[in-house]
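Reading the structure
These are the residues of each chain, in order.
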Amino acid sequence: MRRHMQEIIPGVFLGPYSAASRSKLQSLLDHGITHIICVRHAIEANLIKPNFPNIFKYLVLEIADTMTENIIQHFKMVKVFIDEALNMGGRVLVHGNAGISRSAALVLAYVMETLEISQTRAFALVQQKRGCINPNLGFMTQLREYEPIYQAQKTLRKDLPSLEVQRNKRTIHQTEMYNRSQDNIENAMDS
């Protein structure tokens, strides 16, 4: 299981670098992969790299697998990349070196936000598909911190249209009040 990629949710796969190695091109094509997120630390750049830049669209992220690494800054970019791929009918592989910590954390964040579920439920769902996931404690903390962030953004997006309507109503009301005061001034001047 550790050496192969697994489909976590429709169109989104998680796995190790070996699943995207040169010897696995046919497997990637058979699974319909069109996009690959390659997660590596800068010192791994010679070992973990895009092998098929002419075949797949890549997003390469430089992320160290340390407890102090800021992985939360990548969550939004990963979501946009995956959503674009899925909206085009594509399929995405997210891999790091082993497909256990960094890449798993990115997939967890995507699953949380996309399915609108908690970090705990997302972890259970992803672990059910790929039992070896084990994001480091720093990544798990950031995933817990991300939950209220994406929920607040979701609420804001839902409330935005009603806020716009309220602002427009206020503007119309203020315009009407201004016009009435202008009419009153003109009437007073005519008398």
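Structure report, in brief. As the structure is a prediction and not an experimental result, all values here were calculated from the model.

The next thing to look at is unusual backbone geometry. Despite not being glycine, Glu116 shows a phi value in the positive range, around 55°. Structurally, Glu116 is set in the loop between α3 (102-115) and α4 (119-129).

Two elements in contact, helix α2 (residues 75-87) and α3, have axes whose closest approach is 10 Å; the angle formed by their N-to-C orientations is 70°. Regarding the angle of α2 to α3, the classification is roughly perpendicular. Between α2, through Phe75, Lys76, Val78, Lys79, Ile82, Asp83 and Leu86, and α3, the contact on the second element is made entirely by Ala105, Leu106, Ala109, Tyr110, Glu113 and Thr114. Tallied by class, the residues present in the contact of α2 with α3 amount to eight nonpolar, one polar and four charged.

All right, on to α2 then. The terminal C-alpha atoms of α2, which comprises 13 residues, lie 18 Å apart, in line with the 18 Å expected from a rise of 1.5 Å per residue. The complete set of buried residues in α2 reads Phe75, Val78, Lys79, Phe81, Ile82 and Ala85. Across the axial projection of α2, the buried residues extend over an arc of 165°, all falling on one side. One or two residues past the end of α2 sits Gly89, with phi positive at roughly 85°.

Calculation rules
- Residues numbered from 1 in each chain as written.
- Predicted model: local features only at pLDDT ≥ 70, side-chain atom pairs only at ≥ 80, totals over all residues.
- Heavy atoms only, no water.
- Helix = DSSP H or I, 4+ residues; strand = E, 2+ residues; numbered from the N terminus.
- Axes fitted to C-alpha atoms, helices over the stretch in contact; angles between N-to-C directions.
- Parallel < 35°, antiparallel > 145°, perpendicular 65-115°, else oblique.
- Contact = heavy atoms within 4.5 Å.
- Nonpolar A, V, L, I, M, F, W, Y, C, P; charged D, E, K, R; others polar.
- Expected span 1.5 Å × (residues − 1).
- Buried < 20%, exposed > 50% of the residue type's maximum accessible area, 1.4 Å probe, protein only.
- Arc of directions from axis to C-beta.

In short, the description is geometric, and any link to function would need to be established separately.
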